Amino acid sequence: MEAPSERAPAAATLEALDRELCDCRACPRLVAWREQVGAVKRKSFADQQYWARPVPGFGPHDAGVLIVGLAPAAHGGNRTGRMFTGDRSGDILVATLHRLGLANQATSVAADDGLELRGVRFTAPVHCAPPDNKPTPAERDTCRPWLVRELQLMRSTVRSVVVLGAFGWQALFPAIAASGYWSVPRPRPEFGHGVRADLAAADGDADLTVFGCYHVSQQNTFTGKLTSDMLRDVLAAAAAEAGLTIT
């Protein structure tokens, strides 16, 4: 099977990209882990069929805001087959998007629950659930072509990116540079909650604004490091930058 570096650039649409991505087996450690989790299962989900494959992006193909996480949760996206679905990270993220009028409902529990995002798309720099939620640098780099192509295919509409956590922040800028559409400043901006980085277009088209946000992990939300209002403020700023109407 061809590597992501060969398969991703050949995708002509986001639909084709997502389809190709779902068959990826490029990282042996991640393949073994996602499938092991899907076979053993968590007791509370023992009666469910796990997705146990790479999890594609989710949201409209003409989104103005791209939300970049880390990787699918073992018993969240790896179980349901949809980003930020079936775990507490998805709970707070989707509820906050709903508050802003950027999602049609406040919950994200299953791939067939009717959730629709408005002007927003979810993605990640690593599309398979990693052990201990920690992809290796090599796995991140192997997966990068999927994100590069996603950015390229969204060039005509995406105007802002919200990056959830330092790992995603570090992974995003090389992907942006590789896309060829925006100039990444040197030194690269440092991650921080509420940090804003304005990237000039390299092709004469629209610029891109990148916002940093603490990850919506239980560790951050349960301790109060990230509150719903803090998340709302960053998402609202990104939506405004993209020209989306919020409530």
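The residue count restarts for each chain, going from 1 along the sequence in the order it is written. At least 70 in pLDDT is required for a residue's local features to be given in this predicted model, at least 80 for side-chain atom pairs to be given and counted, and no such filter applies to totals for whole chains, interfaces and linings, which use all residues. Side-chain calculation: all heavy atoms of the structure are included, whereas hydrogens and water are not.

Turning next to the pattern of salt bridges. A pair is scored as a salt bridge if a Lys or Arg side-chain nitrogen falls within 4 Å of a carboxyl oxygen belonging to Asp or Glu. Tallied over the full model, the rule gives 14 salt bridges. R53 is the partner of D23 in a salt bridge, and the nearest nitrogen-oxygen pair spans 3.2 Å. Taken together, the residues span a long stretch of sequence, with D23 in the loop between α2 (14-21) and α3 (28-40) and R53 in the loop between α3 and β1 (65-68) at a distance of 30 residues. Burial classes: relative accessible area under 20% of the type maximum marks a residue as buried, over 50% as exposed, and values in between as partly exposed (1.4 Å probe, protein chains only). A relative accessible area of 31% means that R53 is categorised as partly exposed. In this text, helices come from DSSP runs of H or I with a minimum length of four residues, and strands from runs of E with a minimum of two, each type numbered from the N-terminal end.

Here the expected span of a helix is defined as 1.5 Å times the quantity of residues minus one. For helix α6 (residues 137-153), spanning 17 residues, the distance from its first C-alpha to its last is 25 Å, which sits close to the expected 24 Å at 1.5 Å a residue. At C143, α6 shows its largest kink, close to 40°, and the proline P145 lies no more than four residues downstream. For α6, every residue scored as buried is listed here: E139, R140, C143, P145, W146, L147, V148, R149, E150 and L151. For this analysis, residues touch if any pair of their heavy atoms sits within 4.5 Å. Residues of α6 that are buried in the fold lie against α1 (4-7), α2, α3, β1, β2 (120-123) and α7 (166-179). What we call the bend at a residue is the angle made by axes fitted to the seven residues finishing there and the seven residues starting there.

Let us look at the environment of E150. Along the chain, E150 turns up in helix α6. Each C-alpha atom of the pair E150 and H61 lies 9.6 Å from the other, and the pair is 89 residues apart in sequence. Not counting residues up to four positions away in its chain, the partners in contact with E150 are L14, L17, G57, L66, R121, F122 and T123. Looking at E150, its side chain comes within polar contact range of the side chain of R121, at 2.7 Å. At 2.5 Å, the side chain of E150 and the side chain of T123 are in polar contact. Identification of polar contacts relies on pairs of N or O atoms within 3.5 Å, with a donor-acceptor requirement for protein atoms, meaning one able to donate a hydrogen and the other able to accept it, and with residues adjacent in sequence counted only if both atoms are side-chain atoms.

So, about unusual backbone geometry. The amide bond that connects R186 to the next residue, P187, takes the cis arrangement and shows omega of -5°. Positive phi values are uncommon outside glycine, yet F84 reaches one of about 50°. The class of F84 is buried, set by a relative accessible area of 10%. A positive phi is found at N133, a non-glycine position, where the angle reads about 60°.

Let us look at the packing of α6 against α7. To obtain an axis, a line is fitted to C-alpha atoms, over the contacting stretch when the element is a helix, and the angle between two such axes runs from 0 to 180 degrees between their N-to-C directions. At their nearest, the axes of α6 and α7 sit 9 Å apart, and the two run at 60° to each other. As summarised for this structure, α6 and α7 are arranged oblique, according to the angle between their axes. Along this stretch, α6 crosses α7, giving a crossing that reads as right-handed. On α7, the residues touching R140, R144, L147, V148, L151 and Q152 of α6 are F167, A171, L172, P174, A175, I176, A178 and S179. Residue polarity follows a fixed list, in which Ala, Val, Leu, Ile, Met, Phe, Trp, Tyr, Cys and Pro are nonpolar, Asp, Glu, Lys and Arg are charged, and the others, Gly among them, are polar. The residue inventory of the contact of α6 with α7, partitioned by class, reads 10 nonpolar, 2 polar and 2 charged. To sort the angles, those under 35 degrees are grouped as roughly parallel, those over 145 as roughly antiparallel, those from 65 to 115 as roughly perpendicular, and the leftovers as oblique. When the near helix sits turned anticlockwise from the far one by under a right angle, the crossing is termed left-handed; a clockwise turn instead gives a right-handed crossing.

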